[in-house]
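Structural overview for review
What follows is each chain in one-letter form.
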Amino acid sequence: MDRLKKNNDDSRIDYGVILPVFLLCLIGMLSLYVALTHDTIRDPNVFRGLAMQAIWYVVGALAVVIIIHLDAKLLWRLTPFLYVIGLAVMLALLKYYDPALAASTGSKNWFKFGTFTFQPSELMKIAYILMMALIITKHNVTNKLHSLKSDVFLIGKMLLVTLPVLGLILAQKDFGTMLVFLAIFSGMFLMSGISWLILVPAIVLAVVVGGTLIFLVTTDSGRELLTHIGFKNYQFARIDSWLEPFHDPQGKSYQLARSLMAIGSGGMFGTGYNVSHVYVPVRESDMIFTVIGENFGFIGGAFVILLYFILIYRMIRLCFDMNNEFYAYIASGIIMMMLFHVFENIGANIGLLPLTGIPLPFISQGGSSILGNMIGIGLILSMRYQSANKKPIRRTRSA
């Protein structure tokens, strides 16, 4: 009987999700060792950094084990509390942020307790996804037949839970994180069942806004206008570095220029493990992909991208297989969050996109990011684990 139960439990665990995550974490440890070894010569904190990263992987794995046993009804009840707590912590951050990190990064998005730092927005992403999923599911249960009026009402409710988060992110001056939340909103907006009569104009509007923003950041008059509404010089410097990486390789575009040099030096097969000829600032965090590109070349970088592709593919398959609407919307939000992180981080490292300070999931150094992504994986795994004996929330109004 115990053996039969064990086999049933194993069949409800999606190893197609676990394996890519495990390999990415392993690559993260190997890459972090290279970054810390070459960027902090003979510094004993190299092993401290590796130990902290390993601890966060263990904490994240424990979070996965716990979350996988939470069913949809419990998540449903907890979601409003998690969202409110998240907003309260983000609000507290405006006063109790770490001044030193704010001075170096330009963003007020870190707490510091002694030597321990934490970025609440990484966990707020999960709380926001849960809240959006709850709002959309509740609306669709009540309005089984979509109409323009009900769709407009749904958009209003989605904006009601989104605008406070964006407002706090803007107050923290964290443009990169704001883009992640906008990506999550866009993905869940598209999956919410809203009529194409609204979706098409919304997509057109997004394209127009994006085109206008590009015009503003690439013209003097546009930059003057953006400066009046809160944009900073370092943000414009990142745009300039993106457009012309080698226009000031010893100054404003130093980081991106060194990134391109490091990745380019790797060639097809790389320089070999733990061989670093090009120094890249913040290599252990936002620029970790340069380690992979330099040490393992195009083949190594392509392998990492393949692992992310497999992970995203498995999550998309799970999303479409779900007969639980609440779970499906949670999955769509987590997929958009991770997809945007991967696309933006690697794109910035190879010069396709501006640098925004977004970490590479499961690989970059940083406990906040690791924990947030591991919680997302835990939610994904819990969907299959819990769905075997659960009825879909959509069928029960009391949920």
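Residues numbered from 1 in each chain as written. Predicted model: local features only at pLDDT ≥ 70, side-chain atom pairs only at ≥ 80, totals over all residues. Heavy atoms only, no water.

- Looking up the chain in an unreviewed UniProt entry gives the name Rod shape determining protein RodA, with the organism given as Enterococcus raffinosus ATCC 49464.
- Its UniProt record, at the heading Subcellular location (unreviewed entry), says of the chain: "Membrane". (UniProt positions renumbered as here; feature names shortened; annotations may be inferred.)

A few points about the overall build of the chain
- Assigned secondary structure in the chain consists of 15 helices and 2 strands.
- Over its C-alpha trace the chain gives a radius of gyration of 22 Å, about what one expects of a compact globule, namely 21 Å for 399 residues.
- The dimensions of the chain, computed from C-alpha atoms along their principal axes, are 60 × 60 × 40 Å.
- Within the span of the chain, comprising 399 residues, buried residues form 49% of the whole.
- A sequence separation of at least 24 residues applies to 71% of the contacts in the chain between residues at least 6 apart.
- Accessible area for the chain stands at about 19,500 Å²; split by element, carbon and sulfur atoms hold 70% of it.
- Charged side chains in the chain number 31 positive and 22 negative. The centres of these two groups are separated by 11 Å. (Helix = DSSP H or I, 4+ residues; strand = E, 2+ residues; numbered from the N terminus. Rg over C-alpha atoms; globule rule 2.2 N^0.38 Å. Buried < 20%, exposed > 50% of the residue type's maximum accessible area, 1.4 Å probe, protein only. Contact = heavy atoms within 4.5 Å. Areas by Shrake-Rupley, 256 points an atom, 1.4 Å probe, with all protein chains shown as cover. Lys, Arg positive; Asp, Glu negative; His and termini not counted. Charge placed at Lys NZ, Arg CZ, Asp CG, Glu CD.)

Side note on the packing of helix 6 (residues 121–142) against helix 15 (residues 367–387)
- Relative to each other, helix 6 and helix 15 sit at 25 degrees, their axes nearing to 7 Å. With respect to helix 15, the element helix 6 is oriented roughly parallel. Within the contact between the two elements, helix 6 uses E122, L123, I126 and L130 and helix 15 uses S368, S369, L371, G372, I375, G376 and L379.
- Of the residues in the contact of helix 6 with helix 15, the class split is 6 nonpolar, 4 polar and 1 charged. (Axes fitted to C-alpha atoms, helices over the stretch in contact; angles between N-to-C directions. Parallel < 35°, antiparallel > 145°, perpendicular 65-115°, else oblique. Nonpolar A, V, L, I, M, F, W, Y, C, P; charged D, E, K, R; others polar.)

Overview of the environment of L134
- As for its placement among the helices and strands, L134 is situated in helix 6.
- Placed 54 residues apart in sequence, L134 and P80 show a C-alpha to C-alpha distance of 8.6 Å.

Quick look at unusual backbone geometry
- The phi dihedral of N274 falls on the positive side, at around 65 degrees, and the residue is not glycine.
- Turning to its location among the elements, N274 is positioned in the loop between helix 12 (254–265) and helix 13 (289–321).
- Judged by relative accessible area, which is 25%, N274 ranks as partly exposed.
- Phi is positive for V282, close to 55 degrees, though the residue is something other than glycine.
- Relative to the helices and strands, V282 is located in the loop between helix 12 and helix 13.
- For V282, a relative accessible area of 37% gives the class partly exposed.

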